[in-house]
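Listed here are the chains, written in short residue letters.
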Amino acid sequence: RLPPTVLQMLERNIGRRIVAILDPSYGFEGTLAAVTHDPPGIWLSNADAIILRATIAQPLPQVVGKEQRSEVFIHLNSVERIEILHKIE
């Protein structure tokens with residue numbers, strides 16, 4: 001049995017909030033709406049463009065700015081990291 005591909009793992013998380021980091025200081029946060037195979041990419045709905053910043057005192061990048069977008073397509077070749085956000089109850 002083969003391990004699941006990245007696209008299959010993303011398809012399991014449709015409907016959840018994710019963060020797609022494109023470079024160390026920029027990314028998108030939104031609801032994963034669809035996964036496409038050709039071209040390989042993801043569609044985010046209710047998306048925000050986010051600006052990240054890390055400092056010597058706080059080495060983990062923190063969101064310092066958001067700009068509202070509606071729908072965004074992100075080609076997976078331009079993504080450095082994808083994080084699935086969990087609800088805090």
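No experiment lies behind these values; they were computed from the predicted model shown.

Enquirer: How should the pattern of salt bridges be read in this particular structure?
Expert: It is possible for side chains bearing opposite charge to pair when their charged atoms get close. Applying the stated criterion across every chain yields a total of four salt bridges. Put simply, R17 and E29 hold a salt bridge, and the shortest N to O gap is 3.2 Å. You can see R17 sitting in strand β1 (residues 17-23) and its partner E29 sitting in strand β2 (residues 26-37), a full 12 residues away along the chain. Owing to a relative accessible area of 28%, R17 belongs among the partly exposed residues under this scheme. Of the residues examined, E29 reaches a relative accessible area of 13% and is grouped as buried. Here the residues in one salt-bridge network are R17, E29 and K66, joined through shared partners.

Enquirer: Looking at this structure, I do not really get the environment of L10. What am I missing?
Expert: Mapped onto the elements, L10 comes out in helix α1 (residues 6-11). Take L10: its relative accessible area is 6%, and that puts it in the buried class. Sequence separation of L10 and G41 is 31 residues, and the distance between their C-alpha atoms is 9.9 Å. Dropping the residues within four chain positions of it, L10 is found in contact with L32, V35, I42, L76 and I82.

Enquirer: Sorry, what's going on with the side chain of D48 here?
Expert: Summarising the element assignment, D48 is placed in strand β3 (residues 40-53). Despite its burial, D48 pairs with no opposite charge, the nearest such side chain being K66 at 4.1 Å. Setting aside anything within four residues of it in sequence, one finds D48 in contact with R17, G27, F28, E29, K66, E67, Q68 and R69.

Enquirer: Mind showing me how you'd approach the pairing of strand β5 (residues 72-75) here?
Expert: Two faces belong to every sheet, and in a regular strand the side chains alternate between them. Here β5 shows a clear split, with V72 and I74 buried on one side and none of F73 and H75 buried on the other. By the bridge criterion, four bridges tie β3 to β5 in an arrangement that is antiparallel. Note on β5: the bridge partner recorded for L44 is V72.

The rules behind these values
- Residues numbered from 1 in each chain as written.
- Predicted model: local features only at pLDDT ≥ 70, side-chain atom pairs only at ≥ 80, totals over all residues.
- Heavy atoms only, no water.
- Salt bridge = Lys/Arg side-chain N within 4 Å of Asp/Glu carboxyl O.
- Helix = DSSP H or I, 4+ residues; strand = E, 2+ residues; numbered from the N terminus.
- Buried < 20%, exposed > 50% of the residue type's maximum accessible area, 1.4 Å probe, protein only.
- Contact = heavy atoms within 4.5 Å.
- Lys, Arg positive; Asp, Glu negative; His and termini not counted.
- Pairing = 2+ DSSP bridges.

By themselves these figures say nothing about function.
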